[in-house]
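Chains, contacts and geometry: an overview
Take a look at the letters that make up each chain.
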Amino acid sequence: MHLLLVDGSGYIFRAFHALPPLNRKSDGLPVGCVQGFCNMLFKLTQDMDIDEPPTHVAVIFDHSAKTFRDEIYSDYKAHRPSAPEELVPQFPLTRHATRAFSIASIEMEGWEADDIMATYACQAKSRGWKVTIASSDKDLMQLVEMDGSIRLLDTIPRPGQPPLRWIGPDEVFTKFGVTPDKVIDVQALCGDSVDNVPGVPGIGVKTAAELINQYGDLETLLARAEEIKQPARRQKLVDNAELARISKQLVTLEQAVPLEIDLDGLARQPMAPSALFPFLKAMEFATITKRLAGLLDANPDDFEPDPDLKAGGNKDMGAPKKSADLSVAKAKLAANVVPGTGPARFAASEHARVKAVPIDYDAYRTVTTAEDLSAIVSRIYARGHVAIDTETTGLDPQQADIVGICLSTEIGEGFYIPVGHAKAGDLLAGGGLLEGQLPIRDVLDALKPVLEDPSILKIGQNSKYDMEVFERYGIAMAPIDDTMLMSYALDGPQYNGLDVLAKHWLDHKTITFGELAGTGKGQKTFDQLEIAPAARYAAEDADVTMRLWHVLKPRLAAENATALYETLERPLAPVLARMEARGITVDRQILNRLSGDFAQRAAALEAEAYELAGQSFNLGSPKQLGEILFDKMGLEGGTKTKTGAWSTGADVLEDLALKGVPLARTIVDWRQLTKLMGTYTDALPTYINPRTGRVHTSYSQASVLTGRLSSNEPNLQNIPVRTGDGRKIRTAFVAAPGKILISADYSQIELRLLAHIADIGALKDAFEEGLDIHAMTASEMFNVPVKDMPSEVRRRAKAINFGIIYGISAFGLSNQLGIARGEAGDYIKTYFERFPGIKDYMDAQRARVKIDGHVTTIFGRKIQFPNANSGNPSERSFVERASINAPIQGSAADIIRRAMIRMEPELKRLGVEADMLLQVHDELIFEAPEGTEETAMSAIKTVMEGASEPAVRLTVPIQVDAHAAKNWDEAH
DNA sequence: GCAAGGACGTA
DNA sequence: GTACGTCCTTGCA
């Protein structure tokens, strides 16, 4: 018995590049590959009949792009460009051709052709059959058998070469330098840039073959990697063992695909003129038709061209009528090969559907009558959801007033309801409102029931803003969906604003606010705009938001981001909205006094600096300072920044001060004081809201790579704490009269998560026993008892612990500790020896990010690193360190998010009256009635400590420390 | 008027 | 060595 397997997909791709293009005469349909394919099938059966006629034949095709390999490696074949346009219509035609030749055409969802062929070949061999695989794909070379029972046959015609070329063990050896059974081990090491199999960076085929021949196989090699003499090669293998193992999985063909048609089903059938000629005639292949007619002793004229496939035929599948229709037909064919199933397919088709409807500004309506408004409300009830966007007088949701509201219930639609556009005229004149606007109260009364209706979904882009604005007008908008948060859950912070999302997903450039209202000093606020242009802008926002919702929502299910979005993103937005609305009291008097004090001391330092420098200059200018220190005074040891300017950072100045340069110390002190003034004591009072008398920060939920929040205007996540002067600023953050501030912070949460994620027994035990973790680390590393440990020893261990979390490098650690690179390297080595799991964790993350392009937190948040395989080594190292840090920082961020989401209902359930005001990454600040702090702190701690449950049961204890006081400094 | 770079505050 | 936001100066438009 002899089984012939034809690599159909492989043939098409290779033939496309090897063969001259050919178009069907009557309509220009590209058919070069189809013709080559028919010739190949014909030739194969002919030539093989002379030699060893196959008794069983099948052509195997790839079904879709998505296979199990994508599960272990999402970038697998990511570099493969999508099929050229001319190729797309030829895919289905080669299936037709196969059937026309009465040959089994096999493809299976979720499997590559290679796996199916491997399975058939394996089964045939076990029956003692001979196997020929018509392919020259190097990935199939692993199937070649030494005894010649399985061989490849290259069938692509090449000038100057025989038409059929056999690939047996010798040819495989020429290609890979090893016997066929070791091909996968070589491929695991050298990788494959075409299929984007990583391999071990810096190892090519030759080195790989040498290593495998020496050690026998990959696992032996990796196990004995330390024995390799060449240091660079040894290091590469040690560092990238995990990548190599994953690469091997990727290149190893599956030999146990659950076949739908067994071997016997592939028994060769005689060619049937009634199948063959209608196809060949539809393709207009005259030569091969003639030759087959002779062979089969049939008259092609007895057959009509296949009506579905012929030029001008009546099905999409075959030939479109005119070349003008070609692109449409191709698009339809391409749509048929959309990867994946179910949710992914739906997401792709929704995306296509939304994009197909062009943005039409003429379709937008401005609402000026109560009747129209009530019709829209009915429309929203009928729909069940509505995209909504408020236009206001500013960007601060705690100050801005509503100028207009825009609604969209379906893509392409946009209703703008102007309510606050002002008449032109100077501010003093107070010109009143423009005509043609409904009274704001009437509009809000009409909308309030819909906006608060729990059965109507309100879709927004950054809904938190609109929630806060509406709250001030007595409307509690709920429930919400948010396109910004969906995008964040799916793709991270890379596409943030509505404009970027619209460009990326809808290929539409939205009107910018600058285009509408001008930029810079002359920029108008929304209420100063004419209604008509404002309506276009506003309606577009609502329409685009609705479109994005249709594009992004299905992607959540398709890309396994629903849980992340529903549990960590969507419910947090209203919580943050309430925190922002509450604000915190900042004592203006305290800041004033501090400002005066700091200013006086800064002025003294300034005078001192001029004295020491022998001239006056701008102390705030690093440029001038660098020139004075290193050019004028000629101090040694200066370094330049990447732009060629002198480096004058605090570490440099600190160094100089120690070397006896008093000016350096003066500058350091001056910088600290002016920093405190400029950023805090002078700036904070300007953020006090006149309406509430409190400071309302704004949290960004969707701008940090790792899942943390960020805080701005003002940033209340970087209020000083490390220096005495800095801490004085914290004393200005006070509880309202009759209230008390509570600060609750996670103790060492990132180190605890490292212990959990990397599964480090020694660390976990230390946390379990409540030990001083840095002292314990020092004791392990330096063999000194914890008791009476010198503080310097503990300090070093602490720096190393933090270094680990940050993706340690000898360079960084040596800088941090002010020690030599070599010494820092020795510390790291010792650390890895004492806690071997840490190195495994780091290697695993490094490998993961190169393979998948992302790493994940314990709650499944994906953190993307598009540059993971950058050609720039320093960029690559940066990604490696970030990918080590991100799961730790991100998991901690997810945990505190869960705590925040649960906090309010839980406190309410327990009857605890405490308001959550601020979040500072691992700390939550509350304001509670004086006297209730003990019960409040206990409830808060319970929620925070249990926040990972039940989704994740941590294997380390989580500890929260809480304190209460009248100001933040004392509470912390 | 705006963007980039440097510096520095936090976890 | 990770993750941010803000202030100030500088250089260019």
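Residues numbered from 1 in each chain as written. Chains lettered and ligands numbered in written order. Predicted model: local features only at pLDDT ≥ 70, side-chain atom pairs only at ≥ 80, totals over all residues. Heavy atoms only, no water.

Chain A has the name DNA polymerase I in an unreviewed UniProt entry, where Devosia rhizoryzae is given as its organism. Recorded under Catalytic activity (unreviewed entry), the UniProt text for chain A is reproduced unchanged: "DNA(n) + a 2'-deoxyribonucleoside 5'-triphosphate = DNA(n+1) + diphosphate". (UniProt positions renumbered as here; feature names shortened; annotations may be inferred.)

This paragraph deals with the protein's contact with DNA strand C. Of all residues adjacent to DNA strand C, which total 32 residues, the nearest are S621, S710, E713, N715 and F811. One of the backbone N or O atoms of L705 is found 3.2 Å from a phosphate oxygen in DNA strand C. In the environment of DNA strand C, a phosphate oxygen lies 2.9 Å from a nitrogen or oxygen atom belonging to the side chain of S710. Of all the secondary structure elements, the ones that give two or more residues to the surface near DNA strand C are helix 26 (622-632), helix 28 (662-681), strand 15 (710-712), helix 33 (791-805), helix 34 (810-817) and helix 37 (873-909). With five residues, the single largest contributor to the surface near DNA strand C is helix 37. In terms of residue class, the surface near DNA strand C is built from 10 nonpolar, 17 polar and five charged. (Near = heavy atom within 4 Å. Polar contact = N/O pair within 3.5 Å; in protein donor to acceptor, adjacent residues only side chain to side chain. Helix = DSSP H or I, 4+ residues; strand = E, 2+ residues; numbered from the N terminus. Nonpolar A, V, L, I, M, F, W, Y, C, P; charged D, E, K, R; others polar.)

Before going further, it helps to spend a moment on the sheet that holds strand 7 (residues 365-366). Spatial strand order, 7-10-9-8-11-12: six strands in an open sheet with mixed pairing. Both outer strands of the open sheet, strand 7 and strand 12 (480-482), are each paired with one neighbouring strand and no more. Bridge analysis of strand 8 (residues 385-392) against strand 9 (residues 402-408) gives six bridges, and the strand direction is antiparallel. Residue pairing across strands places I388 opposite L407, the latter belonging to strand 9. In this fold helix 18 (residues 463-472) packs onto strand 8, strand 9, strand 11 (457-460) and strand 12, with an angle of close to 70° to the strand it touches most, strand 8. Lying over the sheet, helix 19 (residues 483-491) contacts strand 11 and strand 12, oriented at roughly 50° with respect to strand 12. (Pairing = 2+ DSSP bridges. Contact = heavy atoms within 4.5 Å. Axes fitted to C-alpha atoms, helices over the stretch in contact; angles between N-to-C directions.)

Below, the discussion takes up the packing of aromatic side chains. One pass over the full model with this rule turns up 15 aromatic pairs. A ring pair is formed by F37 and F61, whose centres lie 6.3 Å apart and whose planes are at 40°; its orientation type is tilted. On the criterion of sequence distance, the pair formed by F37 in helix 2 (residues 32-50) and F61 in the loop between strand 2 (56-60) and helix 3 (68-72) is long-range, its members being 24 residues apart. As far as burial versus exposure is concerned, F37 and F61 are alike and both buried. Between F526 and Y537 the ring centres are 5.9 Å apart and the planes differ by 45°, which places this aromatic pair in the tilted class. Of this pair, F526 sits in the loop between helix 21 (513-517) and helix 22 (531-558) while Y537 sits in helix 22; the two residues are 11 residues apart in sequence, bridging distant segments of the chain. Of the two residues examined, F526 and Y537, each falls in the buried class. The ring of W166 has R151 lying over it, and the distance from NZ or CZ to the ring centre is 3.7 Å. When the ring centre of Y361 is taken as reference, the NZ or CZ atom of R536 above it lies at 4.5 Å. (Phe/Tyr/Trp six-rings, centres within 6.5 Å; stacked < 30°, edge-to-face > 60°. Buried < 20%, exposed > 50% of the residue type's maximum accessible area, 1.4 Å probe, protein only. Lys NZ or Arg CZ within 6 Å of the ring centre and 35° of its normal.)

With that out of the way, let us pick up the UniProt feature "domain: DNA-directed DNA polymerase family A palm" (unreviewed entry) in chain A. Under the UniProt annotation, "domain: DNA-directed DNA polymerase family A palm" (unreviewed entry) lies at residues 726-932. Across residues 726-932 one finds 59% helix and 14% strand; the C-alpha atoms that close the span lie 29 Å apart.

Attention shifts here to the pattern of salt bridges. Considering all chains together, one arrives at 60 salt bridges under this definition. Here K623 and E627 are joined by a salt bridge, their closest N and O atoms 3.7 Å apart. In this pair, K623 and E627 are both assigned in helix 26, four residues apart and thus about one turn of the helix distant. Residue K623 is classed as exposed on the basis of its relative accessible area, which comes to 58%. Its salt-bridge partner being K728, residue D725 comes within 3.0 Å of it at the nearest N-O pair. In this pair, D725 and K728 are both assigned in helix 29 (residues 724-730), three residues apart and thus about one turn of the helix distant. You can call D725 buried: its relative accessible area is 13%. Residues participating in the shared-partner salt-bridge network are D239, K839, D843, R846, K850 and E880. (Salt bridge = Lys/Arg side-chain N within 4 Å of Asp/Glu carboxyl O.)

Another point: helix 17 (residues 440-452). Here helix 17 spans 17 Å end to end across 13 residues, near enough to the 18 Å set by a 1.5 Å rise per residue. The largest bend in helix 17 comes to about 30°, at A446, with the proline P449 one to four residues further on. Along helix 17, the positions that sit buried rather than exposed are V443, L444, L447, V450 and L451. (Expected span 1.5 Å × (residues − 1). Bend = angle between axes of the 7 residues up to and from the residue.)

Another point: the protein's contact with DNA strand B. Around DNA strand B sit 24 residues, and of these T641, T643, T648, V721 and R722 come closest. With respect to DNA strand B, the backbone of A650 contributes an N or O atom lying 2.8 Å from a phosphate oxygen. Looking at which element gives the most residues to the surface near DNA strand B, the answer is helix 28, with four residues.

Turning to the sheet that holds strand 17 (residues 739-746), a few remarks are in order. Sheets are built from strands that pair by backbone hydrogen bonding, the pairs being arranged parallel or antiparallel. What the four strands build is an open sheet, ordered 20-21-17-22; its pairing is antiparallel. Every interior strand has two partners, whereas the edge strands, strand 20 (915-919) and strand 22 (960-965), have only one. Pairwise comparison of adjacent strand axes, ignoring direction, gives a mean angle of 25° for this sheet. Of the strand pairs in this sheet, strand 20 and strand 21 (residues 923-929) are connected by four bridges, and their pairing is antiparallel. Across the sheet, L918 pairs through a bridge with I925, a residue of strand 21. Together, strand 17, strand 21 and strand 22 form the strand contacts of helix 38 (residues 933-945), whose direction differs from that of strand 17 by roughly 25°.

Most of strand 2 is tucked away: five of the five residues are buried. Here strand 2 shows no split at all, with H56, A58 and I60 on one side and V57 and V59 on the other all buried. With three bridges connecting them, strand 2 and strand 3 (residues 104-106) associate as parallel partners. Residue I60 lies in a different strand from strand 3, and its bridge partner there is I106.

A few words on the nonpolar core. I729, Y746, L763 and I838 are the most contacted members of the largest nonpolar core, which totals 189 residues. When residues in this core are grouped by element, the largest group, 13 residues, is from helix 22. Setting aside anything within four residues of it in sequence, one finds L763 in contact with L754, A755, I773, M776, Y831, F835 and I838. M108, M117, L140 and A188 belong to the second largest nonpolar core, which has 51 residues in total. (Core = buried A, V, L, I, M, F, W, Y, C linked by side-chain atoms within 4.5 Å.)

A few words now on helix 27 (residues 650-658). Residues of helix 27 that are buried include every one of V652, L653 and L656, and no others. Buried residues along helix 27 cover an arc of 95° about the axis, so they all sit on one side. The exposed residues of helix 27 that point more than 90 degrees off its buried face are D651 and L658. Residues of helix 27 that are buried in the fold lie against helix 26 and helix 28. Note on helix 27: the residue one or two positions beyond its end, G660, has a positive phi of about 90°. (Arc of directions from axis to C-beta.)

Within the fold, Q255 resides in the loop between helix 11 (241-251) and helix 12 (273-283). The class for Q255 is partly exposed, based on a relative accessible area of 37%. Separated by 345 residues in sequence, Q255 and Q600 have C-alpha atoms that sit 80 Å apart. The residues touching Q255, leaving out its near neighbours within four places in the chain, are A118, T119, C122 and L143.

What follows is about the side chain of T777. Take T777: it is sitting in helix 32 (residues 773-782). T777 sits in the buried class, given a relative accessible area of 0%. Polar contacts involving the side chain of T777 include one to the side chain of N801, which spans 3.0 Å. Not counting chain neighbours up to four residues away, the residues in contact with T777 comprise A797, N801, Y831 and F835.

Turning to the domain arrangement of chain A, a few remarks are in order. Once the domains are mapped, chain A shows domain 1 (2-301), domain 2 (356-570), domain 3 (602-693), domain 4 (699-760 + 838-972) and domain 5 (776-834). Between the C-alpha centres of domain 2 and domain 4 the distance comes to 31 Å. On the domain 4 side, the residues contacting the 13 residues of domain 2 number 16 residues. In total, domain 2 and domain 4 occlude about 1,200 Å² of area from one another, counting both sides; carbon and sulfur atoms represent 51% of this. Contact with domain 4 buries surface across domain 2, with Y488, P493 and L568 losing the most and accounting together for 44% of the total. Put simply, domain 2 and domain 4 have two salt bridges between them. Between E569 and R861 there is a salt bridge, with its nearest N and O atoms 2.8 Å apart. For the pair domain 2 and domain 4, the number of links is eight residue pairs in polar contact (both at pLDDT 80 or more). Of all the secondary-structure elements, those providing two or more residues to the side of domain 2 that touches domain 4 are helix 19 and helix 23 (562-569). Per-element tally for the side of domain 2 that touches domain 4: the top contributor is helix 19, with five residues. Tallied by class, residues from the side of domain 2 that touches domain 4 come to seven nonpolar, two polar and four charged. (Domains from an automatic or database assignment. Buried area = accessible area lost by both parts, 1.4 Å probe.)

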